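Take a look at the letters that make up each chain.
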Amino acid sequence: MDSTSSNRDAWFQDAAAAQIKSERMVRAELLNGRVAMLGFVIGVLTEALTGHGILSQITFGVLGLS
């Protein structure tokens, strides 16, 4: 195996690793966005059911916000 094919193989390995990392980041951001939307909807539903605002839900009344 000569150095030219070794360099080319290393380049392909680096390019493949970068593409895999990029695809993982895209999937992670999609999951993060979906979890954020779910949390927001749960907060709004809890506010509708209990009458306590989102800030009151987060602090659990510790700060006297009720």
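Criteria and cut-off values
Residues numbered from 1 in each chain as written. Predicted model: local features only at pLDDT ≥ 70, side-chain atom pairs only at ≥ 80, totals over all residues. Heavy atoms only, no water. Helix = DSSP H or I, 4+ residues; strand = E, 2+ residues; numbered from the N terminus. Buried < 20%, exposed > 50% of the residue type's maximum accessible area, 1.4 Å probe, protein only. Areas by Shrake-Rupley, 256 points an atom, 1.4 Å probe, with all protein chains shown as cover. Patch = residues over 30% accessible without salt bridge, like charges linked within 9 Å, V, L, I, M, F, W, Y side chains within 5 Å. Salt bridge = Lys/Arg side-chain N within 4 Å of Asp/Glu carboxyl O. Phe/Tyr/Trp six-rings, centres within 6.5 Å; stacked < 30°, edge-to-face > 60°.

Asker: Any details on the overall build of the chain? Residues and values, ideally.
Answerer: Helices and strands together make up the secondary structure of the chain, namely two helices and zero strands. Taking all 66 residues of the chain together, 5% fall into the buried category. Taken as a whole, the chain presents about 5,800 Å² of accessible surface, with 65% of it coming from carbon and sulfur.

Asker: Describe a nonpolar patch on the surface, listing the residues and the values that go with them.
Answerer: Residues Phe 40, Val 41, Val 44, Leu 45, Ile 54 and Ile 58 make up a contiguous nonpolar surface patch of roughly 550 Å² in combined accessible area. Of all elements in the fold, only α1 (3–50) and α2 (54–59) reach the threshold of two or more residues within the nonpolar patch. Looking at the element boundaries, Ile 58 is found in helix α2.

Asker: For the packing of aromatic side chains, give the residues involved together with the corresponding values.
Answerer: For any pair of aromatic rings, geometry is given as the distance between the ring centres together with the angle between the planes. Following the criterion strictly, the structure yields one aromatic pair and no others. Centre to centre, the rings of Trp 11 and Phe 12 are 5.1 Å apart; their planes meet at 70 degrees, and the pair counts as edge-to-face. Judged by its relative accessible area of 55%, Trp 11 is exposed.

Asker: Before we move on, could you go through the environment of Leu 55 and cite the residues and values that matter?
Answerer: Checked against the element boundaries, Leu 55 lands in helix α2. Between the C-alpha atom of Leu 55 and that of Gly 43, which follows or precedes it by 12 residues, the distance is 9.7 Å.

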